Amino acid sequence: MTAINQTRFPFDNSYARLPEDFFAPVPPGTVASPRLIRFNESLAVELGLPHLGDAEKTAIFSGNELPGGAQPIAMAYSGHQFGHFSPELGDGRAILLGEIVDRNGRRRDVQLKGSGPTPFSRRGDGRAALGPVMREYLVSEAFHALGVPATRALAAVTTGERVYREVALPGAVLTRVASSHIRVGTFQYFAARRDREAIMRLVEYVIDRHYPDARQAERPARALYENVVARQAQLVARWMQIGFIHGVMNTDNMSVSGETIDFGPCAFMDHYDPAMVFSSIDTGGRYAYSNQPIVAQWNLARLVETLMFLFDPDADKALEMAKESLAAFKDIYQTAWLDGFRRKLGLFGAEDDDAGLVQTFLDTLAATKSDFTIAFRALASALESPPAENPLGAAAFSDWRARWAQRLSRQPQSKTDVAALLRASNPAFIPRNHRIEQAIEAAIDRDDFTRFHEMLAVLSRPYDDQPQYELYARPPQHEERVLQTFCGT
Ligand code: AMP
Ligand code: MG
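Throughout what follows, the structure given in this document is the object of discussion. (Residues numbered from 1 in each chain as written. Chains lettered and ligands numbered in written order. Predicted model: local features only at pLDDT ≥ 70, side-chain atom pairs only at ≥ 80, totals over all residues. Heavy atoms only, no water.)

**Re the coordination of the magnesium ion (ligand 2)**
When a metal carries six donors in an octahedron, the ideal angles between them are 90 or 180 degrees, while four donors in a tetrahedron ideally lie at 109.5 degrees.
Phase 1: Bound to the magnesium ion (ligand 2) on the protein side are Asn253 (OD1) and Asp262 (OD), at distances that span 1.9 to 2.1 Å. The pair Asn253 / Asp262 is uniform in exposure class, with both members buried. (Donors = N, O, S within 2.8 Å, 3.2 Å for Na, K, Ca; no water. Buried < 20%, exposed > 50% of the residue type's maximum accessible area, 1.4 Å probe, protein only.)

This is the structure in structure tokens:
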């Protein structure tokens, strides 16, 4: 049995006050011998958590003790997985402890991931292995520092127990903080049950929690939907600008808040290849880098099917509105894509041919198999130094460089300003796959978390040159390359 800890968290659990078919109450399972690997102090301060000693942190974030005020629940949802609909998913290995309104007035979910079985576990064990917990910790915190919306990591604890995937692996629990865990699949759950009342209730809830301005609109449900479309379009544009491949863009892994969620077999690409896929389960390349905007739109079509009955009592009119609202994705995405890539090229304003300038650069990266992150970062020094010392000094880039120089000469900003914009838009450090794998390997094989902590420190300042950590900026040597990532969860 999970014990109650004396310390109270400032919880206010609004989701647990929704009708009972929205979730299943379930306490986290206990674990044999938990050990705290990492705790995110600054996030704890942001959340206004009380001071916790190490023993308390270990007990609470392993699931062995519940903080006072927690109302542990597993949320219900469905989802299209690789295009196939599963009506019955839900939190099979995650438990929401509760919600906290943070110091900035933002409501945040605090959730344990890997904390034992729930009524939604099906054949799963409800547990998580250490590797995926470390990966999610590293990548989600890197996202935060990069300025891309994502869930956060509050704590990582090893359980002292083994979990069995293909092999026995050390178990771990991640504590995740999200602006909510409501997914496209949450709407689909009730649509599959033809429960319109529940959908109306969920719409109200999501408007209150995420899009309060939609309440004022003539058609609040439609305004809500259009907000989700816009956030998703902007989010995926940001992924494209950092070379991120989510890997499992199933509808149950798409948050209606517009945060990146579920860092499973995700990866950042090294050399630029628009067809890149890492996930071992994505054999058809459905979730390849360049497919991500298309898939996001496909998922948003699944969302609108669940709530368009609220747009208009006339079903034909409602369908027209749904199509129109979904179609807005394309423009919002293209604008966000181009604005972001303009900044990545050091452009302050807009000219007609900017999309062409970006595309030619990307095409040249693809043709030369150049490292995406390094090539963009090299633009700042290509402004100053002789091309020979720069990856962009290669002959393949010479026409493009001349065109870019022309374009820069037509804007009034100084070279210093352009260089500053380039450095602020092009990270030097991303969580490279081979370094993540090496950090995981050191932890599993030698109980050595040095690399993990070092990477977190480096990735917390991704836009700063940190010459002493050049190791983390370099692309993989041939033998270090990681070609596949696994859910392994
Ligand atoms: P994911 O691939 O992480 O998005 O998970 C898809 C679905 O499978 C969700 O409903 C999860 O809760 C469930 N799931 C994944 N791993 C496990 C596990 N080890 N035990 C129980 N359920 C799981
Ligand atoms: Mg998921």
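**Observations concerning the packing of helix H13 (residues 433-446) against helix H14 (residues 450-459)**
Phase 1: One can describe the packing of H13 onto H14 by two numbers: an axis separation of 7 Å at closest approach and a directional angle of 145°. The residues of H14 that touch H13, namely those facing Arg435, Ile436, Gln438 and Ala439, are Arg451, Phe452 and Met455.
Phase 2: Across the contact of H13 with H14, the residue classes tally to 4 nonpolar, 1 polar and 2 charged. (Axes fitted to C-alpha atoms, helices over the stretch in contact; angles between N-to-C directions. Helix = DSSP H or I, 4+ residues; strand = E, 2+ residues; numbered from the N terminus. Contact = heavy atoms within 4.5 Å. Nonpolar A, V, L, I, M, F, W, Y, C, P; charged D, E, K, R; others polar.)

**A closer look at the packing of aromatic side chains**
Phase 1: Scanning the entire structure with this criterion turns up 28 aromatic pairs.
Phase 2: Look at Phe143 and Phe268: their rings are 6.0 Å apart centre to centre, the planes differ by 70°, and that puts the pair in the edge-to-face class. In this pair, Phe143 sits in helix H3 (residues 130-146) while Phe268 sits in strand E14 (residues 267-268), placing the two residues 125 residues apart along the sequence.
Phase 3: Residue classification places Phe268 among the buried positions, given a relative accessible area of 1%.
Phase 4: Measuring from centroid to centroid gives 6.4 Å for Phe449 and Phe452, while their planes differ by 75°, and the two rings are edge-to-face.
Phase 5: Three or more aromatic residues link up through ring pairs in this structure, and these residues are Tyr272, Tyr289, Trp337, Phe341, Phe361, Phe372, Phe376, Phe397, Trp400 and Trp404.
Phase 6: Between Arg193 and the ring centre of Tyr189, over which it is positioned, the NZ or CZ distance is 3.7 Å. (Phe/Tyr/Trp six-rings, centres within 6.5 Å; stacked < 30°, edge-to-face > 60°. Lys NZ or Arg CZ within 6 Å of the ring centre and 35° of its normal.)

**A few points about the packing of helix H4 (residues 184-192) against helix H5 (residues 196-210)**
Phase 1: Direction vectors running N to C along H4 and H5 enclose 160°, while the axes themselves pass 9 Å from each other. Judged by the angle between their axes, H4 and H5 are roughly antiparallel. For the pair H4 and H5, the sense of crossing is left-handed. Contacts from Thr186, Phe187, Phe190 and Ala191 in H4 reach Ala198, Ile199, Leu202, Val203 and Val206 in H5.
Phase 2: When grouped by side-chain class, the residues that make up the contact of H4 with H5 number 8 nonpolar, 1 polar and no charged. (Parallel < 35°, antiparallel > 145°, perpendicular 65-115°, else oblique. Left-handed = near helix turned anticlockwise from the far one by under 90°.)

**As for the site of ligand 1**
Phase 1: Looking at ligand 1, there are 18 residues lining it, with Gly90, Gly92, Arg93, Gly126 and Asn253 nearest.
Phase 2: Here Arg93 contributes a side-chain N or O atom positioned 2.2 Å from an oxygen atom of ligand 1.
Phase 3: Take Asp125: an N or O atom from its side chain is 3.0 Å from a nitrogen atom of ligand 1.
Phase 4: Coverage of ligand 1 by the protein chains reaches 85% of its 480 Å² of free accessible surface. (Near = heavy atom within 4 Å. Polar contact = N/O pair within 3.5 Å; in protein donor to acceptor, adjacent residues only side chain to side chain. Areas by Shrake-Rupley, 256 points an atom, 1.4 Å probe, with all protein chains shown as cover.)

**A short note on the pairing of strand E8 (residues 94-101)**
Phase 1: In terms of burial, E8 is a largely internal element, 7 of the 8 residues being buried.
Phase 2: Bridge count for E8 against strand E9 (residues 107-113) is 7 bridges, and the pairing is antiparallel. The residue bridging Ile95 from the neighbouring strand is Leu112, located in E9.
Phase 3: Connecting the antiparallel pair E8 and E9 is a turn made up of 5 residues, with Gly105 showing a positive phi of about 80°. (Pairing = 2+ DSSP bridges.)

**With respect to the pattern of salt bridges**
Phase 1: With the rule as written, the count across this model stands at 40 salt bridges.
Phase 2: In this structure, the salt-bridge partner of Asp125 is Arg165, at a minimum N-O distance of 2.7 Å. Linking Asp125 in the loop between E9 and strand E10 (128-129) with Arg165 in the loop between strand E11 (152-164) and strand E12 (168-178), this pair joins segments that are 40 residues apart in sequence.
Phase 3: Arg165 gets classed as partly exposed once you look at its relative accessible area, which sits at 25%.
Phase 4: The salt bridge involving Arg222 is made with Glu324; its shortest N-O contact spans 3.6 Å. Here Arg222 is found in helix H6 (residues 220-242), whereas its partner Glu324 is found in helix H8 (residues 315-344), with 102 residues between them in sequence.
Phase 5: The network of salt bridges with common partners includes Asp12, Arg17, Glu99, Arg107, Asp109 and Arg209. (Salt bridge = Lys/Arg side-chain N within 4 Å of Asp/Glu carboxyl O.)

**Some points on helix H9 (residues 354-368)**
Phase 1: Here H9 spans 21 Å end to end across 15 residues, near enough to the 21 Å set by a 1.5 Å rise per residue.
Phase 2: Looking at H9, one finds that the buried residues are Asp354, Leu357, Val358, Phe361, Leu362, Thr364 and Leu365. When H9 is viewed along its axis, its buried side chains cluster within an angular range of 155° and face the same direction.
Phase 3: Tucked inside the fold, the buried residues of H9 contact H8, helix H10 (372-382) and helix H11 (398-409).
Phase 4: Looking one or two residues beyond H9, the residue adopting positive phi is Lys369, at roughly 50°. (Expected span 1.5 Å × (residues − 1). Arc of directions from axis to C-beta.)

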